Amino acid sequence: MSLPIRWPSAASAVLSHPVRGWTAMSPRARIGFGVATVTILGLILFLGSHSVRIFAEGWRAGMISRLGAQRWKGAYSLVSIVGLVLIIWGFAQARHGSPQVWAPPLWAKHLNLLLTLASMILLAAAKGPANHYKSILHHPMTWGVALWSGGHLMANGTQADANGGSLCRHSP
């Protein structure tokens with residue numbers, strides 16, 4: 001006899017306890033997937049799929065010739081999206097109940113908005129043709145990500161934000 005599995009609604013997932021999981025009958029609780037496990041699995045899928053060209057070019061070329069370019073792009077996209085969803089889900093679970101490490105000043109949130117705006121400009125400049133951002137910074141996307149993450153680290157004072165999301169939390 002199997003027990004019914006109650007999948008949560010968006011509201012119950014947000015309001016649930018971060019360590020116990022969604023419900024007592026949650027598959028995550030029975031399997032033993034913790035928050036860190038979900039995030040690490042997501043990182044492996046996302047970064048692994050993006051590193052195939054670097055570490056396994058021959059295998060990648062063989063898969064493209066066997067599957068075709070469109071099917072390869074579809075599989076690559078699917079694996080990347082699943083990895084990204086797992087990373088976001090793990091980080092969201094880690095933030096619930098994460099202890100406050102420092103109290104960010106009020107101006108930090110305003111400065112974060114300014115840094116986020118600058119980072120979006122740099123991200124857009126990275127994809128365009130040669131421009132003065134690329135000539136001065138060489139890698140504007142890297143600088144944009146650094147500004148974005150640094151601003152959020154400064155404006156949020158929780159342990160999950162400071163230690164890389166759910167990697168800092170140990171759950172059963």
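Below or above, wherever it landed, is the structure these notes cover. None of these values were measured; they are calculated from a predicted model.

**Describing the overall build of the protein**
The secondary structure content of the protein amounts to 9 helices and 0 strands. Reading the protein from its N terminus to its C terminus gives the helix and strand order α-α-α-α-α-α-α-α-α. In the protein, which comprises 172 residues, the share counted as buried stands at 28%. Taking as baseline every contact in the protein between residues at least 6 positions apart, the subset at least 24 positions apart corresponds to 70%. Total accessible area computed for the protein in this model is approximately 11,300 Å², and 72% of it derives from carbon and sulfur atoms.

**Some words on the environment of V35**
Residue position: V35 is located in helix α3 (residues 35–55). Separated by 51 residues in sequence, V35 and L86 have C-alpha atoms that sit 9.7 Å apart.

**Quick look at helix α8 (residues 140–155)**
Relative to the 22 Å expected for 16 residues at 1.5 Å per residue, α8 spans 22 Å between its end C-alpha atoms, a close match to the ideal helical length. The inward-facing, buried residues of α8 abut α6 (106–127) and α7 (132–137).

**Examining unusual backbone geometry**
Excluding glycine, most residues fall at negative phi; most peptide bonds, likewise, are trans. A positive phi angle, near 65 degrees, is found at H138, a position not held by glycine. Structurally, H138 is set in the loop between α7 and α8.

**Regarding the pattern of salt bridges**
The full count for this structure, using the stated rule, is 2 salt bridges. Of the charged contacts in the structure, one is a salt bridge between R53 and E57, with a shortest N-O distance of 3.9 Å. E57 sits in the partly exposed class, given a relative accessible area of 36%. Note that R60 is salt-bridged to E57, the shortest N-O span being 3.5 Å. Of the two residues, R60 and E57 both sit in helix α4 (residues 57–67), 3 residues apart, roughly one turn of that helix.

**Thoughts on a nonpolar patch on the surface**
Together, W107, L111, L114, L117, I121 and Y133 line one region of the surface with nonpolar side chains, adding up to about 580 Å² of accessible area. For the nonpolar patch, the element with the highest residue contribution is α6, accounting for 5 residues. Relative to the assigned elements, Y133 resides in helix α7.

The rules we used
Residues numbered from 1 in each chain as written. Predicted model: local features only at pLDDT ≥ 70, side-chain atom pairs only at ≥ 80, totals over all residues. Heavy atoms only, no water. Helix = DSSP H or I, 4+ residues; strand = E, 2+ residues; numbered from the N terminus. Buried < 20%, exposed > 50% of the residue type's maximum accessible area, 1.4 Å probe, protein only. Contact = heavy atoms within 4.5 Å. Areas by Shrake-Rupley, 256 points an atom, 1.4 Å probe, with all protein chains shown as cover. Expected span 1.5 Å × (residues − 1). Salt bridge = Lys/Arg side-chain N within 4 Å of Asp/Glu carboxyl O. Patch = residues over 30% accessible without salt bridge, like charges linked within 9 Å, V, L, I, M, F, W, Y side chains within 5 Å.

Treat this as a map of the structure, not an account of what it does.
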